[in-house]
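The lines below spell out each chain.
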Amino acid sequence: MKEKQEDGKYKHTIDLPRTAFGLRANSVVREPEIQRLWDENQVFKRVAGRNTGGSFVLHDGPPYANGDLHMGHALNKILKDIINRYKSMDQDARKELTPLKLRAKAAKFAKSTVKNQMAAFKRYGIWGDWDHPYLTLDPEYEAAQIEVFGKMALQGYIYRGRKPVHWSPSSRTALAEAELEYPEGHVSKSMYALFRLVSAPTSCKVLDDFIANLGLAIWTTTPWTIPANAAVAVNSKLQYAVVEVDSNSVDITASSVDKEKRLGNVLKEHAKLHLVVALDLVPTLEAKWGVKLIVKATLTGAELENCRYVHPIESRECPVVIGGDYITTESGTGLVHTAPGHGQEDYVTGLKYGLPVLSPVDDEGIFTEVAGQFSGLDVLGNGNIAVIECLDKNSSMIMVEPYKHKYPYDWRTKKPTIFRATEQWFASVEGFRNAAMDSINQVTWTPPQAQNRISAMTSSRSDWCISRQRTWGVPIPVFYHVESKEPLMNEETIDHIKSIISQKGSDAWWYMKVEELLPEKYRNEASNYVKGTDTMDVWFDSGSSWAAVLAKRNGLTYPADLYLEGTDQHRGWFQSSLLTSIATNGKAPYYGVITHGFVLDERGFKMSKSLGNVVDPRTVIEGGKDQKDSFGADVLRLWVSSVDYTGDVLIGPKVLRQMSDIYRKLRGTLRFLLGNLHDWKADYDVPYTELPMIDQYALFQLESIVKNIKESYDNYQFFKIFQIIQRFVVVDLSNFYLDVAKDRLYVGGTTSPTRRSCQTVLAAHLLSIVRVIAPILPHLAEDVWQNLPFPFTAEDGHTANFVFESRWPVLNERHLAFPEEEVNFWGTILELRTEVNKVLEVARTRKLIGSSLEAKVYLHASDVGLVSRLVDMCASENDADTLHRIFLTSQVEILPSLENVSEDDIPCTGEYLIENNNKVWIGVSRANGLKCERCWNFSLQVGTYDDHPSLCGRCHSVVSQPIPALAAAS
């Protein structure tokens, strides 16, 4: 009992940390409280209002109102928020339904979803002008979109044509490439068929001997397109062969074994059957069909041009034509069934030869009357099967089998699409492609390889189909003559419709009469016109946002400084924005573009409900049932900062636990800083020249990492910031400086120079760290700021009541000017400390010591310069720079020689190599003297003071001096 009483005798003289800042984050409660604090005090507006630098515009893509948010949304919006928060601190950088009812329902759904998404984004800690969002269904936005369309139309970039487009039977509309997805596991019925040759040009005599019983072998994965066949295309450079099918080799049982694979009647019934196939594919086709193919003659693709064959269903003659490089020997037969109404490459080939564009399919994917016997059948279902059976009946089907491949599906309905020729409105990309390619080179792309991707997509893209057969969306402002069907669309009509929509919204197109929608000049002719029913592609909607938002809103600039979206937007928003901006203004709508990858689970698999590996951001933040396993928004944001977002990123329970652990350690460090500044005032700041070297070195390290973090923010390399924070704050700072600092902070004396100098360094660290982490961890940073034990006055003189009012730390060149030789020396001291700790651990294992304060360390070095520095440190007038304080031992002695060293005196030893193979010998023994009751250091002075016999010299000085702060503290 007596010992315990004595332990507490000097407790009132110890300066222990004091702070209301909790060690536990309690994010589920605390984060919403901080967000309310920001809202109630309008911090976002205050920060924006104090902006004295130039503006920085990060243009956020229009909200895609399609349901709840997923982890990809979180990654995207948090990345944007990190950038915006940093820039805010660093001012130097800145069918049953009528059309109207359907539109009302669509608008209601969109607004409801946007509201829900907005609430979720706020919970992520995303800052924004939530009271004034922009929506593509706002009248002013729609009017700006009409304006963009009008400019393109008047420059001749918009035209109407009949050509094949991606068509969704389930949605009954044309689709853009970016509205398609390619799910795994799609299986088509692929068919090999023959089209019988009836004539060959006189120049192709090699076919004369076989023409009586010769067919062109083709392969298709869409048999339903055969009724629209207009030609067979070959590659002029390929070698082709006339092969004889050895009827004796036909294995009729082969197809019965594989029920999915079926041979056609033509192989079973016809003797002396000859086929034209690519020479290189003969072995492959033999194996595929299970027959022997005997090569009888060879010829080039060019020689096959202008041969004619009989259509296998309709008995009309069709030509053999030369196609492009899309015809290869990688699959099929080397001859391509060509239907210009059902394929882009077929259409281009058809234009060259004047082929008919046949497409006997309606909006719902049903064969029309033009398809004859197939009329009324679903092309993707029984219609496809009926065509196969018809060809087999006509002895034109060689084989049919299932074929697994990637096939386009409608991203909304999740059902397969078709290629179908329809009357549509197009934007002629060819008209401004070169300008678009040039502008791409002027944009800064992150990562750099993104430039190659969008360049390839832009250089190869065909004309953009911008019309959709939907009743929601912005109408294409065109009228059609009742009799001639000729479109009426000019500057006057477009401007008139734009003015109406700007006031009444695009619904006006549906409820107003033609005579009201036409300008005065055309009113008398209104009865001769009907208004179009097509709406614009959603990518034209979003691709006009630069015109509707950047170019119209006060405080924003066009082009934007930055666009940031997922890598899939190279074919989506990035490209549609680029094309509309180039076509109308001749420049890109952005100076920089950042793309991020997709979010996968911890094992690198795509997330899906069926696999049970979906990580829901809401659950991550708020936890599951009973709020268990809630990590909070900041841990999610910390994860975003930790990943190299330029590729696909991984997340799961293990990753989140790691992030939570790092967050907890960071919070603990900040709590330590706060706690040890409870009595700090800016007036106590110790001048730099009076600081111990260890403190100057600590400020150099701090300034270096703040500088590196700023560079990483400027380069959008947030994972580097994460690494720096983890290494410096969580490891280096805690393990060295703060570990050493505890002694002088707790027992050095409340107002002593050694404690005040340390607090000077701690205050600098706290104020810098909390500000550099604020863009990534805003809730933690604000929580720290609200617990600051002293006011902070920013460089411009105003008191920063919130962390984001404090601005970015000003670079301190003096701290960075810490001499290089001193930096290197302190690097050596840190290494030496690590090695000393190893020997101390050996002594602890051998029961020589318990605490390191029970030890005395001996050093011997061969490097004269190092020895001199070490001796100076041992005798330093500044207690903080002495070696025993740095090693956390009671004494350190530098030995000039090891001649008289005995194991009895120094039981534990070790050595290590420093630069130039110089050795440092380390020894450890029990410390000399007795243990000081107050600081627990061992000292020969303990027992020499009559008034405080249990104290060392330092502690005696502290408790003997009347310190006003002590009375207040007690």
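Since the structure is predicted, the reported quantities are computational estimates derived from the model, not experimental observations. (Residues numbered from 1 in each chain as written. Predicted model: local features only at pLDDT ≥ 70, side-chain atom pairs only at ≥ 80, totals over all residues. Heavy atoms only, no water.)

Draft legend 1. Spotlight on the overall build of the chain. On a plain count of helices and strands, the chain comes out with 33 helices and 34 strands. Over its C-alpha atoms the chain spans a radius of gyration of 39 Å, topping by over 25% the 30 Å that the globule rule assigns to 970 residues. Projecting the C-alpha coordinates of the chain onto the three principal axes gives extents of approximately 125 × 75 × 50 Å. For the chain, with 970 residues in total, the buried portion stands at 54%. A total of about 43,100 Å² of accessible surface is found on the chain, and carbon and sulfur atoms cover 50% of it. Charged side chains in the chain number 106 positive and 120 negative. The centres of these two groups are separated by 5 Å. (Helix = DSSP H or I, 4+ residues; strand = E, 2+ residues; numbered from the N terminus. Rg over C-alpha atoms; globule rule 2.2 N^0.38 Å. Buried < 20%, exposed > 50% of the residue type's maximum accessible area, 1.4 Å probe, protein only. Areas by Shrake-Rupley, 256 points an atom, 1.4 Å probe, with all protein chains shown as cover. Lys, Arg positive; Asp, Glu negative; His and termini not counted. Charge placed at Lys NZ, Arg CZ, Asp CG, Glu CD.)

Draft legend 2. Spatial organisation of the nonpolar core. Counting 148 residues, the largest nonpolar core has Trp639, Tyr737, Ile773, Trp826 and Leu859 as the members making the most contacts within it. If we skip the residues at most four places from it in the chain, Ile773 touches Leu666, Leu670, Tyr713, Ile725, Leu780 and Ala781. Of all hydrophobic cores here, the second largest spans 75 residues; its members include Ala193, Tyr309, Phe367 and Ile418. (Core = buried A, V, L, I, M, F, W, Y, C linked by side-chain atoms within 4.5 Å. Contact = heavy atoms within 4.5 Å.)

Draft legend 3. Local environment of the side chain of His596. Inspection of the secondary structure puts His596 in strand 26 (residues 590-596). Contact partners of His596, with chain neighbours within four places excluded, come to Gly72, Leu75, Asn76, Leu79, Leu564, Glu565, Gly566, Thr567 and Tyr645.

Draft legend 4. How the structure looks around the packing of aromatic side chains. Within the structure shown, the criterion is met by 29 aromatic pairs. Where Phe195 meets Tyr309, the ring centres are 5.3 Å apart and the plane angle is 25°; that geometry is what we call stacked. One end of the pair, Phe195, is in strand 5 (residues 187-199); the other, Tyr309, is in strand 12 (residues 308-310), and 114 residues separate them in sequence. We classify Phe195 as buried; its relative accessible area is 0%. (Phe/Tyr/Trp six-rings, centres within 6.5 Å; stacked < 30°, edge-to-face > 60°.)

Draft legend 5. Quick look at the sheet that holds strand 19 (residues 464-465). Spatial strand order, 3-2-17-19: 4 strands in an open sheet with antiparallel pairing. Each having just a single partner strand, strand 3 (173-175) and strand 19 make up the two edges of the open sheet. In this sheet, strand 17 (residues 418-427) lies alongside strand 2 (residues 158-168) in antiparallel orientation, the contact comprising 10 bridges. Note that in strand 17 the partner of Trp167 across the bridge is Ile418. (Pairing = 2+ DSSP bridges.)

Draft legend 6. Spotlight on the side chain of Ser939. Along the chain, the position of Ser939 falls in strand 34 (residues 938-939). Sequence-distant contacts of Ser939, that is, excluding residues within four places in its chain, are made with Gln891, Asn928, Gly929, Leu930 and Cys952.

Draft legend 7. The arrangement of the packing of helix 23 (residues 653-675) against helix 27 (residues 778-786) in detail. It is the contact of helix 23 with helix 27, at a shortest axis distance of 11 Å, that shows an interaxial angle of 15°. When the interaxial angle is binned, helix 23 and helix 27 end up roughly parallel. For the pair helix 23 and helix 27, the crossing hand works out as right-handed. Taking contact as the criterion, the partners of Tyr663, Leu666, Arg667, Leu670 and Leu674 in helix 23 are, on helix 27, Leu780, Asp783 and Val784. When grouped by side-chain class, the residues that make up the contact of helix 23 with helix 27 number 6 nonpolar, no polar and 2 charged. (Axes fitted to C-alpha atoms, helices over the stretch in contact; angles between N-to-C directions. Parallel < 35°, antiparallel > 145°, perpendicular 65-115°, else oblique. Left-handed = near helix turned anticlockwise from the far one by under 90°. Nonpolar A, V, L, I, M, F, W, Y, C, P; charged D, E, K, R; others polar.)

Draft legend 8. Structural view of the sheet that holds strand 21 (residues 479-481). One open sheet accounts for 3 strands, arranged 22-21-23; its pairing is antiparallel. If you trace the sheet from one side to the other, it starts and ends with strand 22 (487-488) and strand 23 (529-531), each paired once. Bridge count between strand 21 and strand 22: 2 bridges; the pairing is antiparallel. Looking at the pairing, Phe479 lines up with Leu488 of strand 22.

Draft legend 9. Molecular detail of the confidence of the model for the chain. Overall, the prediction assigns the chain a mean pLDDT of 87, with 92% of residues at 70 or greater. Confidence drops under a pLDDT of 50 for residues 1-6, and excluding neighbours within four residues, the segment shows 1 contact in the predicted structure. Across residues 964-970, where pLDDT falls below 50, the model places 6 contacts with residues more than four positions away in sequence or in other chains. (pLDDT = per-residue confidence, 0-100.)

Draft legend 10. Summary view of the pattern of salt bridges. Enumeration according to the criterion identifies 46 salt bridges in this entry. As a salt-bridge pair, Arg412 and Glu179 come within 3.1 Å of each other at their nearest N and O atoms. On the criterion of sequence distance, the pair formed by Arg412 in the loop between strand 16 (409-410) and strand 17 and Glu179 in the loop between strand 3 and strand 4 (180-181) is long-range, its members being 233 residues apart. Ionic contacts of the salt-bridge type, sharing partners, join the residues Asp15, Asp679, Arg755 and Arg756 into one network. (Salt bridge = Lys/Arg side-chain N within 4 Å of Asp/Glu carboxyl O.)

Draft legend 11. Structural context of helix 4 (residues 71-89). Its 19 residues place the ends of helix 4 27 Å apart at the C-alpha level, agreeing with the 27 Å of an ideal helix rising 1.5 Å per residue. Buried residues dominate helix 4, accounting for 17 of its 19 residues. (Expected span 1.5 Å × (residues − 1).)

Draft legend 12. Region of interest: the environment of Met512. When you line up the elements, Met512 lands in the loop between helix 16 (508-511) and helix 17 (514-517). Along the backbone, Met512 and Ile500 are 12 residues apart, and their C-alpha atoms lie at a distance of 10.0 Å.

Draft legend 13. The arrangement of unusual backbone geometry in detail. The omega torsion of the bond from Thr446 to Pro447 falls at 0°, within 30 degrees of zero and hence cis. Take Pro447: it is sitting in the loop between strand 18 (444-446) and helix 14 (450-460). For the peptide bond that leads from Tyr558 to Pro559, omega is 0°, which places it in the cis range. Structurally, Pro559 can be placed in the loop between helix 19 (545-550) and strand 25 (560-566). In this structure, Asn306 takes a positive phi of about 75° despite not being glycine. Within the secondary structure, Asn306 sits in the loop between helix 10 (301-304) and strand 12. The residue Trp936 is not glycine, and still its phi comes out positive at about 70°. With respect to the helices and strands, the residue Trp936 is situated in the loop between strand 33 (930-931) and strand 34.

Draft legend 14. The pairing of strand 13 (residues 317-322), seen in detail. Most of strand 13 sits out of view: 5 of its 6 residues are buried. As judged from the 3 bridges shared by strand 7 (residues 231-234) and strand 13, these two strands associate in the parallel manner. Its bridge partner lying in strand 13, Val234 is registered against Ile322. Of the strand pairs in this sheet, strand 12 and strand 13 are connected by 3 bridges, and their pairing is antiparallel. Each residue of the ladder has a partner; that of Val310, found in strand 13, is Glu317. As consecutive antiparallel partners, strand 12 and strand 13 are separated by 6 residues, and within that stretch Ser315 has a phi angle of approximately 60°, a positive value.

Draft legend 15. Up close: the pairing of strand 5. As defined by bridge partners, strand 5 adjoins strand 15 (residues 397-404) across 7 bridges and the pair is classed as antiparallel. Of the residues in strand 15, the one forming a bridge with Lys189 is Pro402. Judged from the 6 bridges that link them, strand 5 and strand 6 (residues 214-220) form a sheet pairing that is antiparallel. Note on strand 6: the bridge partner recorded for Leu194 is Ala217. Both strand 5 and strand 12 contribute to a ladder of 2 bridges, which runs antiparallel. Opposite Ser199, over in strand 12, you have Arg308 as the bridge partner.

Draft legend 16. Geometry of helix 13 (residues 433-440). The complete set of buried residues in helix 13 reads Arg433, Ala436, Ser439 and Ile440. Along the axis of helix 13, the buried residues cluster in a sector spanning 125°; they form a single face. Of the exposed residues in helix 13, those oriented more than 90 degrees away from the buried face are Asn434 and Asp438. Each element contacted by the buried residues of helix 13 is listed here: strand 18, helix 14 and helix 20 (573-585). (Arc of directions from axis to C-beta.)

Draft legend 17. Seen up close, the environment of Ala774. With respect to the helices and strands, the residue Ala774 is situated in the loop between helix 26 (753-773) and helix 27. Between the C-alpha atom of Ala774 and that of Phe804, which follows or precedes it by 30 residues, the distance is 7.6 Å. Contact partners of Ala774, with chain neighbours within four places excluded, come to Arg85, Met89, Ala781, Val803 and Phe804.

Draft legend 18. Region of interest: the packing of helix 23 against helix 25 (residues 718-747). Contact geometry of helix 23 with helix 25 gives a least axis separation of 10 Å together with a crossing angle of 35°. Note that helix 23 runs across helix 25; the crossing there is left-handed. Packed against helix 23, whose contacting residues are Met659, Ile662, Lys665, Leu666, Thr669, Phe672 and Leu673, the element helix 25 presents Phe722, Ile725, Gln726, Val729, Val730, Leu733, Ser734, Leu738, Lys742, Leu745 and Tyr746 at the interface. Of the residues contributing to the contact of helix 23 with helix 25, the split by class is 13 nonpolar, 3 polar and 2 charged.

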